[in-house]
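Spelled out from the first residue to the last, the chains are:
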Amino acid sequence: MSENVKNMTEGKTLPILIKFALPLVAGNVFQLMYTFFDTAIVGKHLGVQALAALGACEYLIWLLYGFVQGITQGFSIKMAQDFGANDEKSLKKVVGNSAVLSVLTSAVLLAAGILSSKPILKILHTPEEILPLSTLYINILFMGLPVIFAYNLLAGLLRSLGNSKTPLHAVIVSSVINIALDLIFVLVFKWGIAGAAIATLIAQVFASIFCCMSLRKISQVRVSKSDFKIDRALSIKLYVLGIPLAIQGAIIAVGGMIVEFVVNTFGVAFMAAYVAVTKLYGLLDIAATSFGFALMTFVGQNHGAKLFGRIKSGTRSGMTLSLTCSIIIATIMILFGKTILTVFVSSNDSDGALVMETAYRYLRLMSIFLPTLYLLWLTRSIIQGLGNTFIPMVSGIMEFVMRTGSALILPIFIGSNGILYAEILAWIGADLVLIPAFICMFRKMKA
């Protein structure tokens, strides 16, 4: 078997999960690093208005990436199951059809995104002084959708084969390129917020090329021309797996837009504080996403091989490690959150003190409830690995209801602080769907 793949149906579960998850953690760190640089360069050198402009389109970006990641993640579930079942013929067919479906889907989303971005930003009450900047930034990202699709599909395929190292190397390469281009485009060429968006897309191109070069060495996914011929039944199955996850991501993002609508009514300073914390969101759930992907791949491969006892063993190990990490990360954020936030908030700005105080209050609240978020990620990922993407979609709907309901109602009674509780209540709402479903599925598996 190629060194670029890992059969997770054999060997001790705990070392396998740790070995698979650690590169994902490192990859998330590098992604966060260039996200931090994007935001820091914009906030420090282009000012509070530019930082608020990023925040105004934050959830449109989540909608974009959430839909893409949902579709490709659904495709990768089938890939992991076929790999675990050692069905090479079906795996190649899945890879070919997934590529075609990704191209078609990205074309539709590109057109829809360009046409709807500015109207949506207006509906969200984006202040007129930052509307042009927000529109420009998000439209550049929409034009790069094919590249975003390519990277997510290729990285998802590698992870489904048990390879988390190549996506890490791709992220390292793209992070270095992104940071270098940020400095050149924003500070030297003076392209402003557009330069940050262009730098991100160029970095994604290099990440895609890196993943593609690695996949060419893996015989199990070396597809032929016939594998790209659309198989109607297979395509439906892939969309049945992918679309619920895409809808889940879209619903969560739409909920975030509604929250953004409320956030925008509290002024630019509150918006800047809100975006500073949302940029730290990835650092908060860094171990959750990593162990979530690890467990989804592990469960998917072992489900394909029908090794149900092994699935339970891996689940227990993954949950113990991940929840421990959540407590450690929460403690760090509570103790050193203000220092970390200085990366995004300039003390020289007239609103700097207010932005910092609001941002830290929000960060501390999220850190206290962090284990709730980790349970959400883990149970959702395991259920997806078992081939069920409907329940995760329902959990996304519950997140939407709790997040938007809280954001619209609580500020009436407790002002802007009500916005800060919306995210926590959304996590709890999703857990109320996922945990009972998770317990029920595992009991059926035992039977």
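Rules used throughout
- Residues numbered from 1 in each chain as written.
- Predicted model: local features only at pLDDT ≥ 70, side-chain atom pairs only at ≥ 80, totals over all residues.
- Heavy atoms only, no water.
- Helix = DSSP H or I, 4+ residues; strand = E, 2+ residues; numbered from the N terminus.
- Rg over C-alpha atoms; globule rule 2.2 N^0.38 Å.
- Buried < 20%, exposed > 50% of the residue type's maximum accessible area, 1.4 Å probe, protein only.
- Contact = heavy atoms within 4.5 Å.
- Areas by Shrake-Rupley, 256 points an atom, 1.4 Å probe, with all protein chains shown as cover.
- Lys, Arg positive; Asp, Glu negative; His and termini not counted.
- Charge placed at Lys NZ, Arg CZ, Asp CG, Glu CD.
- Expected span 1.5 Å × (residues − 1).
- Core = buried A, V, L, I, M, F, W, Y, C linked by side-chain atoms within 4.5 Å.
- 1 Å grid on protein atoms, 1.4 Å probe; cavity = no way out; pocket = protein on both sides within 12 Å on 5 of 7 lines; lining within 4 Å.
- Points joined across faces, edges and corners; volume = space filled by probe spheres on them.
- Nonpolar A, V, L, I, M, F, W, Y, C, P; charged D, E, K, R; others polar.
- Phe/Tyr/Trp six-rings, centres within 6.5 Å; stacked < 30°, edge-to-face > 60°.
- Lys NZ or Arg CZ within 6 Å of the ring centre and 35° of its normal.
- Axes fitted to C-alpha atoms, helices over the stretch in contact; angles between N-to-C directions.
- Parallel < 35°, antiparallel > 145°, perpendicular 65-115°, else oblique.
- Left-handed = near helix turned anticlockwise from the far one by under 90°.
- Patch = residues over 30% accessible without salt bridge, like charges linked within 9 Å, V, L, I, M, F, W, Y side chains within 5 Å.
- Salt bridge = Lys/Arg side-chain N within 4 Å of Asp/Glu carboxyl O.
- Bend = angle between axes of the 7 residues up to and from the residue.

Participant: Got a minute to help me understand the overall build of the chain in this structure?
Facilitator: Regarding its fold elements, the chain presents 17 helices and zero strands. Taken against the 2.2 N^0.38 rule, which gives 22 Å for 447 residues, the C-alpha radius of gyration of the chain at 21 Å falls within 12% of a compact globule. Taken along the three principal axes of its C-alpha coordinates, the chain extends 60 × 45 × 35 Å. Put simply, the chain has 447 residues, and 58% of those count as buried. For the chain, the share of sequence-separated contacts (at least 6 apart) that also reach a separation of at least 24 residues comes to 84%. About 17900 Å² of surface is accessible on the chain, with carbon and sulfur atoms providing 69% of the total. Placing the 33 positive and 20 negative side-chain charges of the chain at their respective mean positions leaves the two points 11 Å apart.

Participant: Help me understand helix 6 (residues 145-160) in this model?
Facilitator: The terminal C-alpha atoms of helix 6, which comprises 16 residues, lie 22 Å apart, in line with the 22 Å expected from a rise of 1.5 Å per residue. For helix 6, a buried count of 13 out of 16 residues is recorded, marking the element as mostly surrounded by other parts of the structure. Downstream of helix 6 by a residue or two, Gly162 has a phi angle that is positive, lying close to 85°.

Participant: Sorry if this is basic, but what is going on with the nonpolar core here?
Facilitator: Nonpolar side chains in soluble globular proteins tend to end up buried together. Judged by nonpolar contacts, the single largest core of 128 residues is most densely connected at Tyr137, Leu161 and Leu341. Sequence-distant contacts of Leu341, defined by excluding residues within four places in its chain, comprise Ala276, Val277, Leu280, Met356, Ala359, Tyr360 and Leu363.

Participant: Is there a simple way to explain empty space enclosed by the protein in this structure?
Facilitator: Rolled over the atoms, a probe sized like a water molecule indicates the empty space that remains. Counting across every chain of the model gives two cavities of 30 Å³ or more. Around the second largest cavity sit Tyr59, Trp62, Val277, Thr278, Tyr281, Tyr362, Met366 and Glu423, which together line it. Those elements that place two or more of their residues in the lining of the second largest cavity are helix 3 (58-84), helix 10 (268-278) and helix 14 (352-368). When the residues that make up the lining of the second largest cavity are grouped by side-chain class, the tally is six nonpolar, one polar and one charged.

Participant: Sorry, what's going on with the layout of surface pockets here?
Facilitator: Size it by volume and the largest pocket reaches roughly 280 Å³. What lines the largest pocket is a set of 14 residues, among which Val95, Leu154, Leu215, Val221 and Val223 lie closest to the centre. Contributing elements (two or more residues each) for the lining of the largest pocket: helix 4 (88-123), helix 6 and helix 8 (193-215). Of the residues belonging to the lining of the largest pocket, the class tally is 12 nonpolar, no polar and two charged. Of the volumes computed, that of the second largest pocket is approximately 240 Å³.

Participant: I'm lost on the packing of aromatic side chains in this one. Help?
Facilitator: A ring pair, where both rings are aromatic, is described by two values, the distance of the centres and the angle of the planes. Under the defined criterion, the tally for this structure stands at seven aromatic pairs. Residues Phe189 and Trp191 carry aromatic rings whose centres are separated by 5.2 Å and whose planes lie at 50° to one another, so their mutual orientation is tilted. Between the aromatic rings of Phe438 and Phe442, the centroid separation amounts to 4.6 Å while the plane-to-plane angle is 40°, which identifies the pairing as tilted. Taken as a pair, Phe438 and Phe442 lie in helix 17 (residues 417-446) at a separation of four residues, close to a single helical turn. Since its relative accessible area comes to 13%, Phe442 is described here as buried. Aromatic rings pair up to connect Phe185, Phe189 and Trp191 into one cluster. Residue placement shows Arg159 over the ring face of Phe293; its charged tip is 4.5 Å from the ring centre.

Participant: Is there a simple way to explain the packing of helix 1 (residues 13-46) against helix 12 (residues 286-304) in this structure?
Facilitator: For any two helices packed against each other, the geometry is given by the interaxial angle and the distance between the axes. Where helix 1 contacts helix 12, the axes come no closer than 8 Å and their chain directions differ by 135°. Classified by the interaxial angle, the pair formed by helix 1 and helix 12 is oblique. Our pair here, helix 1 against helix 12, has a crossing hand that is right-handed. Packed against helix 1, whose contacting residues are Thr13, Leu17, Phe20, Ala21, Leu24, Val25, Asn28, Val29 and Leu32, the element helix 12 presents Ile286, Thr289, Ser290, Phe291, Phe293, Ala294, Leu295, Thr297 and Phe298 at the interface. A breakdown of the residues in the contact of helix 1 with helix 12 according to their chemical character gives 13 nonpolar, five polar and no charged.

Participant: Mind showing me how you'd approach a nonpolar patch on the surface here?
Facilitator: Together, Ile328, Ile332, Ile334, Leu335, Phe336, Ile368, Phe369, Ile428 and Leu432 make up an exposed nonpolar region whose accessible area comes to about 830 Å². Of all the secondary structure elements, the ones that give two or more residues to the nonpolar patch are helix 13 (308-341) and helix 17. In terms of residue count, helix 13 provides more of the nonpolar patch than any other element does, five residues in total. Position of Phe336 relative to the elements: it lies in helix 13.

Participant: I tried to follow the pattern of salt bridges on my own but got confused; where do I start?
Facilitator: Opposite charge on two side chains permits them to pair, given that their charged atoms come into close proximity. Evaluation of the coordinates by the stated rule reveals six salt bridges. The partner of Glu357 in a salt bridge is Arg361, and the shortest N-O contact between them spans 2.7 Å. Placement of the pair is Glu357 and Arg361 together in helix 14, with a separation of four residues, close to one helical turn. Among the residues examined, Arg361 registers a relative accessible area of 22% and is labelled partly exposed. With a closest N to O distance of 3.1 Å, Arg403 and Glu399 form a salt bridge. Residue Arg403 and its partner Glu399 are both found in helix 16 (residues 390-414); the two are separated by four residues, about one turn of the helix.

Participant: Looking at this structure, I do not really get helix 16. What am I missing?
Facilitator: Structurally, the α-helix is built with 3.6 residues per turn, so residues lying three or four positions apart point the same way. Taking 1.5 Å as the rise per residue, helix 16 with 25 residues should run 36 Å; its terminal C-alpha atoms sit 35 Å apart, in good agreement. Where helix 16 bends most, the angle comes to about 30°, and this point is Ser406. Within helix 16 the residues assigned to the buried category are Ile391, Pro392, Met393, Ser395, Gly396, Glu399, Arg403, Thr404, Ser406, Ala407 and Pro411.

Shape is all these values report; function is a separate question.
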